[in-house]
Every structure is written in C-alpha cells, then in structure tokens.
Amino acid sequence: MGWETVEFRKVMVAGAGQMGSGIAQVAAQAGLEVWLRDVEERFVERGLATIRKHLDRDVEKGRKTAEEREAILGRIHPTLDLGPAAGVDLVIEAIVENREAKRSLFAELDRLAPPGAIFASNTSSLPITDLATATRRPDRFIGMHFMNPVPVMKLVEIIRGLDTSEETYAAIRDLAGRMGKTPVEVHDFPGFVSNRVLLPMLNEAMFAVYEGIASVEDVDTVMKLGMNHPMGPLELADFIGLDTCLYILNVLYEGFKDPKYRPCPLLVQLVQAGHHGRKTGQGFYRYE
Ligand code: CAA
C-alpha cells in the first residue's frame, strides 16, 4: 500500500456528554489511554458515572470481569484542562454541535497537540472540510461519526474531508475496527449517509402526526411492528434530541437547497418550547 497505519496509544476525547463518554469507553476498551475532557467538573463526573454504570452491567452480565472493568476505568483520566493534548496522538471531539465552538476548540488544540497527532470530529452534520481549516493539519483531520448509544451501535461513519490524507483515513478506519466497530467510508456532503437517510424519515413521521394522520404512538407502532425498527421514529427523535434533529434537518435543507428537507413545523414548535426530548423530560413523549 505504500503507507503504514498508526498505532494509537493516547487519545483526548473532548466532551464528556452522551457521545463523548461512550467514545471514551470504547477507546479505553480498545486499550487506549484516554483523557476525558469537559469544561465543568460535573460534566466529566456525569460522563464517568455513565461509563461506570455500563461497565457494571457488563460485569453483572458476565461480559467482562471485575478486573477488566477496573483496567478500563484506570485508563480513563478525567480532565478540565486541555494541557494533556500535548501528549496524545489522537483527539476525538464530541462537544456541542456548533460550528464556532468546534472551530475554536480545534484551533486551540492545534496549538497544543503534537503536529503529527490526528484530529477527528464526531460531528453529525457539519462539513469536515470546513472544520479542518480551523487547524494547520487538514491532511490529519477527519470525521469519525459514532452512533448513540456508542457502546452498543456497531457503525462508525468515517468522513473524509477534501484534504484528508490516505494515511489518516487508513489509521482511523483501523482504529474503528480495533474499537469493535464497522467503519463505512463516506464523502463530505451534508448529513453524510446516516443522517441524510434517517432524518427525512423522522421528519416524515412528524408530518404524519402534524397532519393528523395518526397519533404519535400509532406512527411508532407502525414502524416498530411493520418494519422491525427497534424504536419508532418519534421515540428515536426524542432519544437523539429534537434540537439536534432540527439542527441536522436545517443543515440538509440549506446544504441541498431542496424543500424535501423542510423541517416539520411541529418539530420547530417543540424545540421553541424547550421540549427537546428525553434529555429535557418532554418531546413527543413525556419522561419521568
Ligand atoms: N449505553 C450502553 N449500553 C446501552 C445503552 C447505553 N446508552 N442503552 C442500552 N444499552 C444496552 C443495554 O444495557 C442492553 O444490554 P444488556 O441488556 O444485554 O445488558 C442492550 O443495550 C439493549 O438495551 P435494552 O434491552 O434496555 O433496550 P433495547 O433492546 O430497546 O435497546 C437500544 C436499546 C440499543 C437503544 C435500541 O432501542 C436501539 O437500537 N435503538 C435505535 C438506536 C439508534 O437508531 N441509534 C442511532 C441514532 S442516530 C445517531 O446516533 C446519529 C446522529 O447523528 C443523530
């Protein structure tokens, strides 16, 4: 092949939310030393608690031994500081889905991390080619899009930016395999593949409710029992976060300038009301 893939040893996962904590867990399970970074102690603590809970369940179910759990936890180092980026060979970013926030974090990391380190973004919809220009390493910049819940879902979309090198692509593809995931190569277009296909389905389910065709529960039942989906589309939208769904639909709508991606007014209204799904306790459903 002419190029060798990198054996990653140390990674900083930026963002300890649902996605970041899941990524930290699968990275530590793959044997990497992980610095799990967030901006507030309580966010990092919550991320660690989630990881502990899932590892405890694995031990309970006999999928891991208590020693393996301790070894995995021992490889995860919480931090509020970006300083440890100076010693890593990989950064995986999983912070808020906001272009400016991501660009400014990457610019800072670019100053701290070794020039050879690879930067990956878990963005679900922002262009990788654009994020890469916040750094001086667009050849070592790539999209690594995990699915929620990360420890369970087998897919990682690997998104090549315009200037992503072959070597970077191969290294990240191999790492996804080491994490127990199946990588799929995708080019840098709005929504990549996963959200370009998924979000119109969720949006259409919302229109079916909006137009009074069926109730929320019945639309979900149709897709669960009729199509064998593990969750109905409205339950899944709540799970993803309605704010995130709206954000991605707008990226598709603006990116392709195609009215077929027009967000359902019901979704817009729920987001305006602050009903963002499971995380706020209310969306298409109510949560305790
Ligand atoms: N983290 C780790 N493990 C989890 C988990 C989590 N957050 N949630 C569930 N699990 C595990 C459970 O521990 C359970 O394993 P065991 O019972 O063997 O211990 C297993 O997953 C199944 O869970 P449950 O029995 O509680 O519930 P379930 O069978 O309904 O499965 C589910 C839950 C895996 C989430 C399933 O409902 C599902 O696959 N839903 C669809 C998820 C999906 O489509 N995700 C993609 C969203 S799109 C995205 O992420 C991309 C984007 O950019 C928006």
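Definitions and limits used
- Each chain carries its own residue numbering, running from 1 in the direction its sequence is written.
- Local features are withheld for residues below a pLDDT of 70 in this predicted model, meaning they are given only at 70 or higher, and side-chain atom pairs are given and counted only at 80 or more; totals for whole chains, interfaces and linings count all residues.
- For side-chain calculations, the full set of non-hydrogen atoms in the structure is used, while hydrogens and water are omitted.
- For cavity detection a 1 Å grid was placed over the protein atoms alone, and a set of points counts as a cavity when a 1.4 Å probe fits there but cannot get out; an open set counts as a pocket when protein lies on both sides within 12 Å along at least five of seven lines, with lining residues being those that have an atom within 4 Å of a point.
- Grid points are joined across faces, edges and corners, and a volume is the space filled by probe spheres set on the points.
- Each helix is a run of H or I in the DSSP string that is no shorter than four residues. Each strand is a run of E no shorter than two, and both are numbered from the N terminus.
- Between the rings of Phe, Tyr and Trp (Trp by its six-membered ring), a pair exists once the centres lie within 6.5 Å; its type follows the angle of the planes, with under 30 degrees stacked, over 60 edge-to-face, and the other angles tilted.
- In this scheme, the term charge over a ring applies when either NZ of a lysine or CZ of an arginine sits within 6 Å of the ring centre and within 35 degrees of the ring normal.
- Near, as used in this document, describes a residue that has one of its heavy atoms within 4 Å of the molecule or strand being considered.
- Under this definition, polar contacts are N or O atom pairs within 3.5 Å; protein pairs additionally need one hydrogen-donor-capable and one acceptor-capable atom, and for neighbouring residues in sequence, both atoms have to be side-chain atoms.
- For the accessible areas, the method is Shrake-Rupley and the probe is 1.4 Å, while residue cover comes only from the protein chains on display.
- When residues are grouped by polarity, Ala, Val, Leu, Ile, Met, Phe, Trp, Tyr, Cys and Pro land in nonpolar, Asp, Glu, Lys and Arg in charged, and all others, Gly among them, in polar.

Draft legend 1. A look at the layout of surface pockets. As a volume, the second largest pocket reaches approximately 310 Å³. Along its surface, the second largest pocket is lined by 15 residues, and Gln25, Gln29, Asp58, Pro151 and Val152 are the ones closest to its centre. For the lining of the second largest pocket, the elements supplying multiple residues, two or more each, are helix 1 (18-29) and helix 2 (41-60). The element contributing the most residues to the lining of the second largest pocket is helix 2, with four residues.

Draft legend 2. Examining the packing of aromatic side chains more closely. Summed over all chains, the structure comprises four aromatic pairs. Aromatic rings pair up to connect Phe106, Phe119 and Phe141 into one cluster. For Arg137, the ring lying beneath its charged end belongs to Phe119, and the centroid distance is 4.1 Å.

Draft legend 3. Seen up close, the site of the ligand. For the ligand, the set of nearby residues contains 18 residues, the closest of which are His54, Arg57, Arg63, His145 and Asn148. In the environment of the ligand, an oxygen atom lies 3.0 Å from a nitrogen or oxygen atom belonging to the side chain of Asn195. In isolation the ligand has 1,000 Å² of accessible area, and contact with the protein removes 65% of it. When residues of the shell around the ligand are traced back to their parent elements, those giving at least two are helix 2, helix 7 (194-210) and helix 9 (233-240). Partitioning the shell around the ligand into residue classes produces ten nonpolar, five polar and three charged.

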